[in-house]
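# Examining the three-dimensional arrangement
Read off the chains here:
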Amino acid sequence: MENRKKVAFYTLGCKLNFSETSTIARSFQDEGFDRVDFEEVADMYVINTCSVTENADKQFKQVVKKAMKLNNKAFVAAVGCYAQLKPEELAAVDGVDLVLGATEKFKITDYINDLSKNDMGEVHSCEIADADFYVGSYSIGDRTRAFLKVQDGCDYKCTYCTIPLARGISRSDELENVLKNAKDISAQNIKEIVLTGVNIGDYGKGEFGNKKHEHTFLELVQALDEVEGIERLRISSIEPNLLKNETIEFVSKSRTFVPHFHIPLQSGSNDILKLMKRRYQREVYTERVNKIREVMPHACIGVDVIVGFPGETDEHFLETYHFLNEMDISYLHVFTYSERDNTEAATMDGVVAANVRAKRSKMLRSLSVKKRRAFYENQLGSNRSVLFESENKEGYIHGFTENYVKVKTPWNPALVNTLHDINLTRIDEDGSVRMEFLNVEV
């Protein structure tokens, strides 16, 4: 009997990376590989890299080291954003055999021969201008929910961001293919689909290889809402200037889309937004939040914010802090600005000292804890629907309500990947919410 090769995957970064790792993994299974967990001994390890994290190179080296410890004869491949931006740097890391850029990563099995180690990492990396075609992806089997990629690349020129350099121009999956993938996911008994991409509000641009919009994001949302078998659809991060009132109103009445929005702000100061070359001012952000609250008072609203951007004075930061403190939002994702090669911001004046960046980050993280607590307290006593996850954490099973409240109840394997109507009763010591089942004995 043929000895099947084993391959393991490690994903750094965003939901989009998870969806692409899953698709790449399926291509290996089609070629006769067995997928195993990254903690296991494998013949090959594939690391999907990220360029957004502050210590991208450090994280990558740690993961390679981990793979080599498991099997020092294993073939190691690096793909993804960091592999596109710094291919030679990754190829020089001890143990790395292959580095593939933005267009090559989906053809990884074409670059593999006998899995024997190379003396030096082999690089196949395109010019980013060549990354102008679309490859659909979705994750299955990794989690209770699936990440469905609908768009890739970005035409925005934010001064701090390397994503356009790592992923190329904005382009979209064809609507029919998105719907087909959504049906395939729902057929696997997956209850929740998260729409993901680099700039999903730009959906429709480049759908058939041209620059104009064939469909809008609203049309995508409306079409997905009609797909039979999907229980929940969740919109991942969407730019405030691309989140239209019509979309907010549709979600409020939707059969499947849940009341949860994650909207990047980056700064509450119009001066800093201008330096960042963001395509809105804070007044637009206020309008979006107010509109959501008007039609979905119980909605969860998450915010991305960057601290320590060049030129951010104490006054600018306090503007951001007070803006967020007064805004009816639910939680923050706080990013400490870090310089990136080949970005405009890296050459700007007004560099903020590292200790000041750290202090501002800590202040906003504390504000996030306060905001999440207030949001959870506001939800106590309400009836919600929860989808349970698959992990047993210290004798409890956790899940998320449609409006992203994290709940817990004593572990019961029968609850995994099931939806239940519940009442939110109290906040536990770990910050999650206790609950009671409605109309069901469990």
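This write-up is about the structure you can find in this document. (Residues numbered from 1 in each chain as written. Predicted model: local features only at pLDDT ≥ 70, side-chain atom pairs only at ≥ 80, totals over all residues. Heavy atoms only, no water.)

With that settled, consider the overall build of the protein chain. For the protein chain, the helix and strand inventory stands at 12 helices and 19 strands. Relative to the globule expectation of 22 Å for 442 residues, the C-alpha radius of gyration of the protein chain, 22 Å, shows essentially globular dimensions. In terms of its C-alpha atoms, the protein chain occupies a principal-axis envelope of roughly 60 × 60 × 45 Å. Within the span of the protein chain, comprising 442 residues, buried residues form 55% of the whole. Of the roughly 20000 Å² that the protein chain leaves accessible, carbon and sulfur atoms contribute 46%. Distance between charge centroids for the protein chain: 4 Å, based on 57 positive and 68 negative side chains. (Helix = DSSP H or I, 4+ residues; strand = E, 2+ residues; numbered from the N terminus. Rg over C-alpha atoms; globule rule 2.2 N^0.38 Å. Buried < 20%, exposed > 50% of the residue type's maximum accessible area, 1.4 Å probe, protein only. Areas by Shrake-Rupley, 256 points an atom, 1.4 Å probe, with all protein chains shown as cover. Lys, Arg positive; Asp, Glu negative; His and termini not counted. Charge placed at Lys NZ, Arg CZ, Asp CG, Glu CD.)

The next subject is the pairing of strand E14 (residues 331-336). Bridge count for strand E13 (residues 300-307) against E14 is six bridges, and the pairing is parallel. For Ile306, the partnering residue across the bridge sits in E14 and is Phe335. Tracing the backbone out of E13, into helix H11 (residues 314-326) and back to the parallel element E14 gives a crossover that is right-handed. (Pairing = 2+ DSSP bridges. Right-handed = clockwise from strand over helix to strand, strands pointing away.)

With a phi close to 65°, Asn342 is a non-glycine residue in the positive phi region. Of note, Asn342 is situated in the loop between E14 and helix H12 (354-379). We classify Asn342 as exposed; its relative accessible area is 73%. Phi is positive for Tyr404, close to 65°, though the residue is something other than glycine. Take Tyr404: it is sitting in the loop between strand E16 (396-401) and strand E17 (406-410).

This part covers the packing of aromatic side chains. Counted according to the given criterion, the structure contains 12 aromatic pairs. Seen in terms of ring centroids, Tyr331 and Tyr404 are 6.2 Å apart; in terms of plane orientation they differ by 40°. Their pairing is tilted. Within this pair, whereas Tyr331 is found in strand E14, its partner Tyr404 is found in the loop between E16 and E17, the two being separated by 73 residues in sequence. Look at Phe400 and Tyr404: their rings are 4.6 Å apart centre to centre, the planes differ by 15°, and that puts the pair in the stacked class. Among the residues examined, Phe400 registers a relative accessible area of 15% and is labelled buried. An aromatic cluster of three or more residues is present, and its members are Phe9, Phe28 and Phe33. The ring of Tyr138 has Arg26 lying over it, and the distance from NZ or CZ to the ring centre is 4.2 Å. Residue placement shows Lys408 over the ring face of Tyr396; its charged tip is 4.1 Å from the ring centre. (Phe/Tyr/Trp six-rings, centres within 6.5 Å; stacked < 30°, edge-to-face > 60°. Lys NZ or Arg CZ within 6 Å of the ring centre and 35° of its normal.)

This part covers the nonpolar core. Core analysis: the largest hydrophobic core is formed by 50 residues, its most contacted members being Leu148, Leu195, Leu220, Leu224, Ile292, Leu324 and Leu364. The contact partners of Leu195, leaving out residues within four places of it in the chain, are Leu148, Val150, Ile200, Leu220, Leu224, Leu233, Arg234, Ile235, Ser236 and Phe257. Judged by nonpolar contacts, the second largest core, of 24 residues, contains Leu12, Ile47, Val93 and Val99. (Core = buried A, V, L, I, M, F, W, Y, C linked by side-chain atoms within 4.5 Å. Contact = heavy atoms within 4.5 Å.)

Turning next to the side chain of Ser432. If you trace the backbone, Ser432 turns up in the loop between strand E18 (419-427) and strand E19 (433-437). Under the relative-accessibility criterion, Ser432 is labelled buried at 3%. At 2.6 Å, the side chain of Ser432 forms a polar contact with the side chain of Asp430. Contact partners of Ser432, with chain neighbours within four places excluded, come to His398, Lys406, Lys408, Arg426 and Ile427. (Polar contact = N/O pair within 3.5 Å; in protein donor to acceptor, adjacent residues only side chain to side chain.)

The next thing to look at is the sheet that holds strand E12 (residues 260-266). Across the sheet, three strands lie side by side as E12-E13-E14; this open sheet has parallel pairing. Each end of this open sheet is capped by a strand with a single partner; those strands are E12 and E14. Strand-to-strand twist of the sheet, defined as the mean angle between neighbouring strand axes without regard to direction, takes the value 20°. Packed onto the sheet, H11 meets E12, E13 and E14 and runs at close to 175° relative to E13. Its contacts with the sheet place H12 against E13 and E14, and it is angled at close to 170° to E14. (Axes fitted to C-alpha atoms, helices over the stretch in contact; angles between N-to-C directions.)

Sheet architecture is open: six strands sit in the order E2-E1-E3-E4-E5-E6, paired in parallel fashion. Two strands close off the open sheet at either side, each with one partner strand: strand E2 (34-36) and strand E6 (122-124). With strand direction ignored, the average angle separating the axes of adjacent strands in the sheet is 20°. In this sheet, E2 lies alongside strand E1 (residues 6-11) in parallel orientation, the contact comprising three bridges. From the neighbouring strand, Lys6 faces E2, where its bridge partner is Asp34. Packing against the sheet, helix H1 (residues 15-30) makes contact with E1, E2, strand E3 (44-49) and strand E4 (75-80), and its axis sits at approximately 170° to E1.

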